[in-house]
Amino acid sequence: MKTILGKIHLKWCKDCNVPVLDKKCGICENDTFDVKLTPPADARPAFKEDIVMINNILKNQFGVEEDIFKNKIVLINKIPGNDYMKEIIIDGVVFGILKYDEESEKNEEKNRWSIIPSVEGARRIINAGGNKKIIVIKEDVVPFILKKHASVLRPGVLYASEDIEKNDDVIILVGNENEERGEDYEKYKHEKNINLKDINVLGVGRARTNYNEIINSEKGMVAKVRHAETPKEANYLKETGNFEESINKMIEANENAISKFESNSVGFMRNTIKERTNKPPVVAYSGGKDSLVVLLLALKAFENEDIDFDVLFTDTNLEFPETLKNISDVEERYNINIIKAESNDFWEKLEEYGPPGRDYRWCSEVCKMKPLEKIINNRYPNGCLTFVGLRKYESMNRSKKPRIWKSPYIEKQMLSAPILNWSAMHVWIYLFKNNAPYNKLYEKCFDRVGCYMCPAMELGEIELIKKLYPELWKRWEDFLIDYAKRNNLDDEWVRSGWRWKYGKKKIKN
Ligand SMILES: [Zn+2]
């Protein structure tokens, strides 16, 4: 995967504690280090609501009351695949994975959300007062775990927190030397103030049994170790200030990198219009962050060149309220008139075709392509060149796309991707730098904007929608329930299965 996407673009300055998209930091000019993320590593900044959500999960899961992320830049990196899994990055390292457990039999919704901490994350959790899901082991078993990748066995355990259930993610700590009385398990267990620090953290693992079985047995496996490292202090970097202050530092540190990307894309757009085609330029604006960058770049590329361009938005009538608000915000801010192609066919076609799926995307043709084609055929009888916000980091499938190509759906449309090489961090820093009116949906824990019932969503995203827009979701769910009744489908189909027509399989979005 890395070979397709090239070198690691996301780096970090350890002195300024900001993400940097270049070899050197724009503030202190020191060398930056690589941030090791799961490819395609299209990380984005975490907003306040993301942090609130993460802190709530940490409190529920590990008993952490403190805000571990206060006054620092935190990034979120969505891991591709069918599950809701996101890496959380702080101080340039992965803190852990935020996960929504689709298969869990845990009834309570809040228990489906969890964080699988890295060892570095576990150190921070313990230092912030985390006291749940922990296992303390004897010092003399440490070498077996570090060198022989042994599991934690019952005789090596000094203490286990009462909340541990089978398959829980647990933090494994090494007991203090002066707590030899830990040999007496009962005594250690009732110790009220076990005072453990990050330097006691050995690793993270998964419980193989529950608390009662741990204390009532003398043998057997207690936890499988996922990762273990020689205990040491967490690598804390300095605070960068509140959200706004941190963002400003990030902009400053990336001034050069962003300018380079901007001038490259602006040059490409001018060149495409002036030399490679005589078709009128159009910007396809979706209400999303990527197309907002394309719009800003078009304003920059064409305004002084006296080149007119249209901005098109396709309203599927399945949009979030924030997206519609964003369309008018953008019109007002840039004093432009966005041309709207509207589709009203979804609910009618739904009866005919059944629910759209990841492997059955009739919705895109009906709700987007058809209304767009109509407008394009009317307005540009000789065709147009549409600039879109497509980026290769968004999807493995898109990583080999050329920068200009013919639309496979609309005959009169050429497509062009001026920000093909931008990562989500380039996009966000550019938007922050220009104080651009981005869609507020991004501040509500969403990585992307689109239709509110898109089958490409993971269940975790659907949970967020149910909570934020219960009436929108109800209309869709009512349809699913009714459709299930008519077609003899079960509750699991209504909950999850409707997103595939031909059955769940691993499809890269
Ligand atoms: Zn720096």
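From a predicted model like this one, the values you see are computed outputs, not experimental measurements.

### Focus: the packing of helix 12 (residues 346-353) against helix 13 (residues 362-379)
Here's step 1: It is the contact of helix 12 with helix 13, at a shortest axis distance of 11 Å, that shows an interaxial angle of 155°. Our classification of the angle between helix 12 and helix 13 gives roughly antiparallel. Regarding helix 12 and helix 13, the two cross each other, and that crossing is right-handed. Counted together, Phe346, Lys349, Leu350 and Tyr353 of helix 12 and Trp362, Cys363, Val366 and Cys367 of helix 13 form the full contact between these two elements.
Here's step 2: Residues of the contact of helix 12 with helix 13, tallied by class, amount to seven nonpolar, no polar and one charged.

### Structural notes on the coordination of the zinc ion
Here's step 1: Those donors, Cys13 (SG), Cys16 (SG), Cys25 (SG) and Cys28 (SG), are the protein atoms that reach the zinc ion, and they lie 2.2 to 2.3 Å from it.
Here's step 2: The coordination sphere of the zinc ion comprises four donor atoms, whose angles at the metal cover 99 to 113°; the geometry is tetrahedral.
Here's step 3: Within one chain, the residues serving as donors to the zinc ion are arranged as C-x2-C-x8-C-x2-C. Taken together, the residues span a long stretch of sequence, with Cys13 in strand 1 (residues 11-13) and Cys28 in the loop between strand 2 (18-20) and strand 3 (33-34) at a distance of 15 residues.
Here's step 4: Looking at Cys13, the relative accessible area reads 0%, which means it is buried.

### So, the domain arrangement of the protein chain
Here's step 1: Here the domain parsing of the protein chain yields domain 1 (2-228) and domain 2 (254-499).
Here's step 2: Using C-alpha coordinates to define each centre, domain 1 is positioned 36 Å away from domain 2.
Here's step 3: At the boundary of domain 1 with domain 2, total buried surface from both sides reaches about 2900 Å², with 60% on carbon and sulfur atoms.
Here's step 4: Summed over the shared surface of domain 1 and domain 2, the result is six salt bridges.
Here's step 5: A salt bridge links Glu458 to Lys78; its shortest N-O distance comes to 3.3 Å.
Here's step 6: Remark: the boundary between domain 1 and domain 2 carries 11 residue pairs in polar contact (both at pLDDT 80 or more).
Here's step 7: Contributions of two or more residues to the side of domain 1 that touches domain 2 are made by helix 1 (2-5), strand 2, strand 4 (44-45), helix 2 (48-62), strand 5 (74-78), strand 6 (84-90) and helix 3 (109-112).
Here's step 8: Its residues assigned to classes, the side of domain 1 that touches domain 2 comprises 18 nonpolar, three polar and 11 charged.

### Concerning the packing of aromatic side chains
The description of two aromatic rings rests on the distance between their centres and on the angle between their planes.
Here's step 1: Counted under the stated rule, the structure contains 29 aromatic pairs.
Here's step 2: Arranged with centres 5.9 Å apart and planes meeting at 40°, the rings of Phe47 and Tyr438 form a pair that is tilted. Of this pair, Phe47 sits in the loop between strand 4 and helix 2 while Tyr438 sits in the loop between helix 14 (424-433) and helix 15 (459-468); the two residues are 391 residues apart in sequence, bridging distant segments of the chain. Each member of the pair Phe47 and Tyr438 is classed as buried.
Here's step 3: Measuring from ring centre to ring centre gives 5.1 Å for Phe69 and Phe95, while their planes differ by 70°; the resulting arrangement is edge-to-face. Here Phe69 is found in the loop between helix 2 and strand 5, whereas its partner Phe95 is found in strand 7 (residues 93-100), with 26 residues between them in sequence. No difference in accessibility class separates Phe69 from Phe95, as the two residues are buried.
Here's step 4: Lying across the ring of Phe268, Arg403 places its NZ or CZ 4.0 Å from the centre.
Here's step 5: Geometry around Tyr438 places Lys440 over its ring, the cationic atom sitting 4.6 Å from the centre.

About the criteria used
Residues numbered from 1 in each chain as written. Predicted model: local features only at pLDDT ≥ 70, side-chain atom pairs only at ≥ 80, totals over all residues. Heavy atoms only, no water. Axes fitted to C-alpha atoms, helices over the stretch in contact; angles between N-to-C directions. Helix = DSSP H or I, 4+ residues; strand = E, 2+ residues; numbered from the N terminus. Parallel < 35°, antiparallel > 145°, perpendicular 65-115°, else oblique. Left-handed = near helix turned anticlockwise from the far one by under 90°. Contact = heavy atoms within 4.5 Å. Nonpolar A, V, L, I, M, F, W, Y, C, P; charged D, E, K, R; others polar. Donors = N, O, S within 2.8 Å, 3.2 Å for Na, K, Ca; no water. Tetrahedral: all angles 85-135°; square planar, octahedral: opposite > 155°, others 65-115°. Buried < 20%, exposed > 50% of the residue type's maximum accessible area, 1.4 Å probe, protein only. Domains from an automatic or database assignment. Buried area = accessible area lost by both parts, 1.4 Å probe. Salt bridge = Lys/Arg side-chain N within 4 Å of Asp/Glu carboxyl O. Polar contact = N/O pair within 3.5 Å; in protein donor to acceptor, adjacent residues only side chain to side chain. Phe/Tyr/Trp six-rings, centres within 6.5 Å; stacked < 30°, edge-to-face > 60°. Lys NZ or Arg CZ within 6 Å of the ring centre and 35° of its normal.

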